[in-house]
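Each chain is listed here by its residues.
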Amino acid sequence: MLMLTAKSTDLDRVVGLELGADDYLTKPFSLRELQARVRALFRRRQALADASVAEAPLVLGSLVIDVGGQRVVVDGDEVRLTGREFELLLHLARHPGQVFTRDQLLDRVWGAGFDGLAHTVNSHINRLRTKIEREASDPKIIQTVWGRGYKFVPPT
C-alpha cells in the first residue's frame, strides 16, 4: 500500500508506516516519483511471488510460513499480516539466529531507497510479536538483542 498525503512531518510518516503502509509519499510530489514508487512496490511484490512459486512452506515448530500463499499459521490458526509484516517475518525466519540491526532490516525489507525512520522497524516488530507470539511482552520467537538488533528463534 502506498500512502499519499499532505502530512509531511516525521511523526506523520512513522504513523502511516506503522499503520501498515509499505511506502509514504507527501504532497506535492512529481508524477515521475509516484510512478517510480508504484513500480518499486510492484517489483517487490513480483520478486516475492517469483521467489515463492517453488518454495515449500517454512515449518518452524508451531509456526508455518506459506511463502507461495503469503500466509502465516500459528498453532493451527491463520494470522493476518500486512505485506511488510510478512516480508519482515520471512526475512528473519530465513536467517534464524542471525542478529539484524534496524538499518539492516530497513535496507533488506523496506529497500535501500527507504527514507523513513529506523523506529519503523521497532513498530513493525512490536505488531508482529502481538500476532505471532504467545506472550508479546515476553517474546520467544523474535527476540531483541540489546544494543544490536533483532533475531529470529524458531519456536519449539
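Residues numbered from 1 in each chain as written. Predicted model: local features only at pLDDT ≥ 70, side-chain atom pairs only at ≥ 80, totals over all residues. Heavy atoms only, no water.

1. Examining helix α4 (residues 102–110)
Then, number 1: Among the residues of α4, those classed as buried are Leu 105, Leu 106, Val 109 and Trp 110. All buried residues of α4 fall inside an arc of 105° around its axis, so they share one side.
Then, number 2: Looking one or two residues beyond α4, the residue adopting positive phi is Gly 111, at roughly 105°. (Buried < 20%, exposed > 50% of the residue type's maximum accessible area, 1.4 Å probe, protein only. Helix = DSSP H or I, 4+ residues; strand = E, 2+ residues; numbered from the N terminus. Arc of directions from axis to C-beta.)

2. Here's the deal with the side chain of His 124
Then, number 1: Position of His 124 among the secondary structure elements: in helix α5 (residues 119–132).
Then, number 2: What makes His 124 buried here is its relative accessible area of 0%.
Then, number 3: In this structure, His 124 is in contact with Leu 17, Glu 18, Arg 84, Glu 85, Leu 88 and Trp 110, ignoring residues within four places of it in sequence. (Contact = heavy atoms within 4.5 Å.)

3. Concerning the nonpolar core
Then, number 1: In terms of nonpolar packing, the biggest core is built from 30 residues, with Ile 65, Ile 142 and Phe 152 touching the most fellow members.
Then, number 2: Those elements that provide at least two residues to this core are β4 (63–66), β5 (71–74), α3 (83–93), α4, α5 and β8 (149–152).
Then, number 3: Aside from chain neighbours lying at most four places away, what touches Ile 142 is Leu 89, Leu 92, Ile 125, Leu 128, Arg 129, Ile 132, Glu 133, Lys 151 and Phe 152. (Core = buried A, V, L, I, M, F, W, Y, C linked by side-chain atoms within 4.5 Å.)

4. Examining the pairing of β5
Then, number 1: Direction of pairing for β4 relative to β5: antiparallel, over a ladder of four bridges. Residue pairing in the sheet places Asp 66 in a bridge with Arg 71 of β5.
Then, number 2: Counting the residues in the hairpin turn of β4 and β5 gives four residues, including Gln 70, whose phi is positive at 45°.
Then, number 3: Sheet topology note: the β5/strand β6 (residues 77–79) ladder contains three bridges and is antiparallel. Across the sheet, the residue bridging to Val 74 is Asp 77, located in β6.
Then, number 4: Counting the residues in the hairpin turn of β5 and β6 gives two residues, including Asp 75, whose phi is positive at 50°. (Pairing = 2+ DSSP bridges.)

5. Some words on α5
Then, number 1: Between its first and last C-alpha atoms α5 spans 20 Å; for 14 residues at 1.5 Å apiece the expected length is 20 Å, and the two agree.
Then, number 2: Among the residues making up α5, those that are buried are Thr 120, Val 121, Asn 122, Ser 123, His 124, Ile 125, Leu 128, Arg 129 and Ile 132.
Then, number 3: Buried positions along α5 lie against α1 (10–18), β5, α3, α4, β7 (142–145) and β8. (Expected span 1.5 Å × (residues − 1).)

6. Some remarks on the packing of α3 against α4
Then, number 1: Where α3 contacts α4, the two axes come as close as 10 Å, and the packing angle between them is 115°. Between α3 and α4, the crossing angle belongs to the class labelled roughly perpendicular. The hand of the α3/α4 crossing is right-handed. Only Leu 105, Arg 108, Val 109 and Trp 110 of α4 make contact with α3, whose side of the interface consists of Arg 84, Glu 87, Leu 88, His 91 and Leu 92.
Then, number 2: Considered class by class, the residues forming the contact of α3 with α4 number five nonpolar, one polar and three charged. (Axes fitted to C-alpha atoms, helices over the stretch in contact; angles between N-to-C directions. Parallel < 35°, antiparallel > 145°, perpendicular 65-115°, else oblique. Left-handed = near helix turned anticlockwise from the far one by under 90°. Nonpolar A, V, L, I, M, F, W, Y, C, P; charged D, E, K, R; others polar.)

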